[in-house]
Every structure is written in C-alpha cells, then in structure tokens.
Amino acid sequence: MKYLLMLAGLGVGLALGFVPSFRERRPQWWRWLTVALVCTVVVVSLAPPIAGTFTDAVVMGRMDDTKRVPVLVQRTSRPPETIDAGRLLVEVADSRDERVVVRLRVASFLYNDSDLPSGTPTIVEVRRAESDVIYDVDAIGPSNPLVTLPYIIGLEERARIIFFHVPMSWIAFVAYIIGMVFGIRYLRSRDLRHDSYSAAAAGVGTLFCVLATLTGSVWAKFNWGSFWNWDPRETSILVLLFVYAAYFVLRSAVADEASRARLSAIYATIGSVTAAFLIFVLPRMMKGLHPGSADDTSMGPLLSPKSDEINVVKQILFSVSLTAFTLVYFWLVNLRYRLYEVARTSNRTSPS
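Residues numbered from 1 in each chain as written. Predicted model: local features only at pLDDT ≥ 70, side-chain atom pairs only at ≥ 80, totals over all residues. Heavy atoms only, no water.

## So, the overall build of the protein
Piece 1. Of regular secondary structure, the protein possesses nine helices and eight strands.
Piece 2. For a compact globule of 352 residues, the expected C-alpha radius of gyration is about 20 Å, and the protein comes in at 26 Å, more than 25% above that figure.
Piece 3. Dimensions of the protein, computed from the C-alpha atoms along their principal axes, are close to 95 × 45 × 30 Å.
Piece 4. Residue burial in the protein is summarised as follows: out of 352 residues, 46% are buried.
Piece 5. Summing over all exposed atoms, the protein offers an accessible surface of approximately 17,200 Å²; the carbon and sulfur share of this is 64%.
Piece 6. In the protein, which carries 36 positive and 30 negative side-chain charges, the distance between the mean positions of the two groups comes to 12 Å. (Helix = DSSP H or I, 4+ residues; strand = E, 2+ residues; numbered from the N terminus. Rg over C-alpha atoms; globule rule 2.2 N^0.38 Å. Buried < 20%, exposed > 50% of the residue type's maximum accessible area, 1.4 Å probe, protein only. Areas by Shrake-Rupley, 256 points an atom, 1.4 Å probe, with all protein chains shown as cover. Lys, Arg positive; Asp, Glu negative; His and termini not counted. Charge placed at Lys NZ, Arg CZ, Asp CG, Glu CD.)

## Some remarks on the environment of I266
Piece 1. Summarising the element assignment, I266 is placed in helix 7 (residues 257–285).
Piece 2. A relative accessible area of 40% means that I266 is categorised as partly exposed.

## Some details on the pairing of strand 6 (residues 122–131)
Piece 1. Looking at chain direction, strand 2 (residues 69–75) and strand 6 are connected through five bridges and run antiparallel. Its bridge partner being in strand 6, L72 is matched across the sheet by I123.
Piece 2. Pairing between strand 6 and strand 7 (residues 134–143): seven bridges, direction antiparallel. Within strand 7, the residue paired with R127 across the bridge is D136. (Pairing = 2+ DSSP bridges.)

## What about the nonpolar core?
Piece 1. Counting residues in hydrophobic clusters, the biggest one holds 76 residues, and the most contacted among them are F54, L104, V126 and Y329.
Piece 2. At 13 residues, helix 4 (residues 162–189) tops the list of elements feeding residues into this core.
Piece 3. Once you skip the residues sitting within four places of it in the chain, F54 turns out to touch V71, V73, V92, D94, V100, V102, L104, V126 and Y135. (Core = buried A, V, L, I, M, F, W, Y, C linked by side-chain atoms within 4.5 Å. Contact = heavy atoms within 4.5 Å.)

## Points about unusual backbone geometry
Piece 1. Each neighbour pair has its own omega, and for G141 with P142 the value is 5°, a cis peptide bond.
Piece 2. Among the secondary structure elements, P142 is positioned in strand 7.
Piece 3. One non-glycine residue, W230, lies in positive phi territory at about 55°.
Piece 4. Summarising the element assignment, W230 is placed in the loop between helix 5 (192–224) and helix 6 (232–253).
Piece 5. When its relative accessible area of 57% is taken as the criterion, W230 is described as exposed.

## Comments concerning the pairing of strand 5 (residues 97–107)
Piece 1. With eight bridges connecting them, strand 4 (residues 87–94) and strand 5 associate as antiparallel partners. Its bridge partner being in strand 5, A93 is matched across the sheet by V101.
Piece 2. Counting the residues in the hairpin turn of strand 4 and strand 5 gives two residues.
Piece 3. Inspection of the sheet shows strand 5 paired to strand 7 by three bridges, in the parallel sense. Within strand 7, the residue paired with R103 across the bridge is I134.

## Let's talk about the pattern of salt bridges
Piece 1. This model, assessed by the stated rule, comprises 14 salt bridges.
Piece 2. Between R68 and E125 there is a salt bridge, with its nearest N and O atoms 3.1 Å apart. Placement of the pair is R68 in the loop between helix 3 (54–63) and strand 2 and E125 in strand 6, with a sequence separation of 57 residues.
Piece 3. Among the ionic contacts, a cluster of salt bridges with common partners joins R78, E81, E91 and R103. (Salt bridge = Lys/Arg side-chain N within 4 Å of Asp/Glu carboxyl O.)

## A look at a nonpolar patch on the surface
Piece 1. Among the surface-exposed residues, F277, F280, V281, M285 and M286 lie close enough to one another that they form a single nonpolar patch of about 460 Å² accessible area.
Piece 2. With respect to the helices and strands, the residue M286 is situated in the loop between helix 7 and helix 8 (300–303).
Piece 3. With relative accessibility at 40%, the residue M286 sits in the partly exposed group. (Patch = residues over 30% accessible without salt bridge, like charges linked within 9 Å, V, L, I, M, F, W, Y side chains within 5 Å.)

## Description of the environment of Y151
Piece 1. Following the sequence through the fold, Y151 ends up in the loop between strand 8 (149–150) and helix 4.
Piece 2. You can call Y151 buried: its relative accessible area is 7%.

## Some points on the packing of aromatic side chains
Piece 1. Inspection of the entire model under this criterion finds 17 aromatic pairs.
Piece 2. An angle of 80° between the planes, with centres 6.0 Å apart, marks the rings of F208 and Y329 as edge-to-face. Here Y329 lies in helix 9 (residues 312–349) and F208 lies in helix 5, a separation of 121 residues in the sequence. Like Y329, F208 is buried. (Phe/Tyr/Trp six-rings, centres within 6.5 Å; stacked < 30°, edge-to-face > 60°.)

Scope: geometric values only; no functional claims are made or implied.
In structure tokens:
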C-alpha cells in the first residue's frame, strides 16, 4: 500500500505535468491546484503534533531512559490514585490500541481532569520508568488532536523535513531522465524545441538537486551534528551537481545552435546514466549515515517494507508532497522553456 501511494503521487504529478502540452502556458486551474497542494503540504507537515505509542516509549526508554516520547492516550474511567503528597497514579490506554493499558506517574501540579479528560485522546510526554507498564509524565496536552504525525525513533520532530527533502531528491532524478528523453527526441527529430525543453528540464532539475542538498544539510546538522559529513550520499550528490554544472558550461561554450543541441543531448544522456549510478547504486555500495547504506538494514521509514515504519497519514501526506513538488517542477520548466524559445526566436529574427 505504501509503495502504491508513492507511485500514485509521482504518477499523478507526471501526468498533470504534461497537461495540456509542455509547450503551452499552464492553465489557471492547474496553477491554483499546484498552489493549493503546496500550501496543504506545508501546513499539514508542520502544524500537527507528533504522537507515538507506548511501544515507541518502551524502545526509546531502553535506549535512553531520559528521552521523552509523546504518546496519544485515553484516560480510563478508573479514578487517579495518590502515591504520595506530590504525585498521582493515573491509568490510561493507548489510543491506537486500547488493549495496551499502563499507569502514569504524574506530579500533582501537572494533573488536571480538564487537561486529561476521561475517554478523550490526549498527547502525553512520557519516560519509561522501572517497567513497561509504569511511565513518568513530563507534560500533558494537547487534547483531541485532529491529525497526528507518527513518532519515528531517532528523527522525532526532524522527521518533518522528509516531506521536503525526499521529494526534491526524487524529482531531481526524474528531471534528469526527462532531460535525457527530450535530448534523444532532438537527436531523432532535430527539432530545437526539444533541445529547449531538455535544457529547461535539466536546469530546473539542478535547482531541485541544490535544494535537496541544502535541506539534507539542515537535516544532517540536527541529526548527525554537522552540516556536512562526507557521507557517500552527500558526496555523490555533490559530484552530480558538478556533472550538470559542466553540462551548462558546455551549452554556454558552443555558439552554433545545432552543434550545441547535439552535444547537449549526448551529454544529457550520459549525465542521466551517471545520475542513476550516483543516486541509487554508489551510496548502497558503501557504509554511511543515510538509510539504505551498505551497513544499514532498515532502508529508512519511507522505503522499509515494514508497514509500521510510517503511518497512513504520513504515507498519504508524502504522496501529496510528491505530487505538489512535481507540479512545481513542471511549472518552472514550462516557464524556462518558454524563455528559451523567446530567446531563440529573437536571435533568429534580429538583424545581423
């Protein structure tokens, strides 16, 4: 189901990207749809609180007993018990699995019936105590959240960047494939419009590659302690940027349109094969920090075959994010293509 949603998100974006035609200005409904999807992704990825389960709290507690884990719970009908003058013992059930019933040790100044109402889903920040059924509470609230995002061990709040970093990385690769396809179409037809679209696709793809690198650096800073760690995937994407920087140097160095288009098409074909190797093959052959490296067996929350790595809300949101940023990509490519065509037409009609 997870993979199907991802493919659907990317597929819808690609299908709409060529509607009505790659040569024509994007219709108004198309632009409004793109803006609406991007706004939805930004709001839904940043606004909802993160909430895990008591299973997450157990796993995290065994790794680091000082770490707080937000859990979505419901207080049972059993009244709180007084442990001592400063603490209460409150029985709650996991909102996602009511068979999991535990007890929370809450400081009396934190506890209020209105903050933790019986039968109402409430996010509580807990730390595993001496067993899997006793937890200390550090904070209570909010109650009855409309949507929650899953707690991912090791990522926590940093997991929100998945909705920006990963789609940009995927779209950069798709962009280079599109540049190759239109480069091959030029070699077959000698239609300079295909060369313009190939160059536009590669140019905007490189922009997305830069954005993927920048968002990845931010992620690395808060996850691994440094903006740049020379991880194989970080290094490979830097090499890829140099590969396509050379592509644009080549285009600017050749004055004749036909020669420039022919050489660019050949380079775009070679560059896309290089991109596939640098993105999908090389990082998996070497040990690194990224999920999917040679010494990693999890593949990360998005590509892991385990269904519980990422919940349905996050799967749907990621698919919408793929669609949204794919449409942004095609919108920018369309603008860049039309600028190329205006410049080419102006050069042909201007007096020598």
